[in-house]
Amino acid sequence: MEMYIHYTALPQGKELGDVVEELNRVLDDAGCVCGGQEGRIDLELEDERQNPKYAQIAVKAYLQRENFPRDTKVEIGCMEIGIYE
């Protein structure tokens, strides 16, 4: 299953490579960053039998902790959710 992070800016002092590395640590064995494009990071969740909500919660918590802009959204299953909602 794929998850996308839609962002307009990275937190101050962060490079995209830093964010990718940190997200891979957050997801651990549950998934990994698998690509993206300008303004979007693509994540692949490994075990489709596992509830994707746990990965979504972990990713949202990371994005909040790192102070991503308020308009950042996480998309999973064609549904976008704001990270501060």
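Quick look at the structure, then.

1. Description of the sheet that holds strand S2 (residues 31-37)
Strands sit in the order S2-S3-S1-S4-S5 across an open sheet of five strands; the sheet is antiparallel. The open sheet has two edge strands, S2 and strand S5 (79-82), and neither has a second partner. Direction aside, neighbouring strands of the sheet carry axes that sit 25° apart on average. Note: strand S4 (residues 73-76) against S5, four bridges, orientation antiparallel. Along S5, the bridge assignment pairs Glu75 with Glu80.

2. So, helix H1 (residues 16-27)
Here H1 is 12 residues long and its end C-alpha atoms lie 16 Å apart, about the 16 Å a rise of 1.5 Å per residue gives. Turning to H1, its buried residues number three or more, namely Val19, Glu22, Leu23 and Leu27. Viewed along the axis of H1, the buried residues span an arc of 135°, placing them on a single side of the element. Looking at the packing, one finds that the buried side of H1 touches strand S1 (2-6), S2, strand S3 (40-45) and helix H2 (52-65). Positioned one or two residues after H1, Asp28 has a phi angle of 50°, which is positive.

3. Examining the environment of Ala55
Here Ala55 lies in helix H2. Judged by relative accessible area, which is 10%, Ala55 ranks as buried. Non-local contacts of Ala55, meaning those with residues more than four positions away in its chain, are made with Met3, Leu27 and Leu45.

4. A few points about the pattern of salt bridges
Pairs can form between side chains of opposite charge whenever their charged atoms are close. Counting across every chain of the model gives four salt bridges. Residue Glu22 pairs with Lys14 through a salt bridge whose shortest N-O separation is 2.7 Å. Lys14 carries the same exposure label as Glu22, and that label is buried. A salt bridge links Arg25 to Glu21; the nearest nitrogen and oxygen atoms lie 2.9 Å apart. Of this pair, Arg25 and Glu21 are both found in helix H1, four residues apart, which corresponds to roughly one turn of the helix. You can call Glu21 partly exposed: its relative accessible area is 47%. A single salt-bridge network, built from bridges that share partners, covers Lys14, Glu22 and Glu66.

Procedures and definitions
Residues numbered from 1 in each chain as written. Predicted model: local features only at pLDDT ≥ 70, side-chain atom pairs only at ≥ 80, totals over all residues. Heavy atoms only, no water. Pairing = 2+ DSSP bridges. Helix = DSSP H or I, 4+ residues; strand = E, 2+ residues; numbered from the N terminus. Axes fitted to C-alpha atoms, helices over the stretch in contact; angles between N-to-C directions. Expected span 1.5 Å × (residues − 1). Buried < 20%, exposed > 50% of the residue type's maximum accessible area, 1.4 Å probe, protein only. Arc of directions from axis to C-beta. Contact = heavy atoms within 4.5 Å. Salt bridge = Lys/Arg side-chain N within 4 Å of Asp/Glu carboxyl O.

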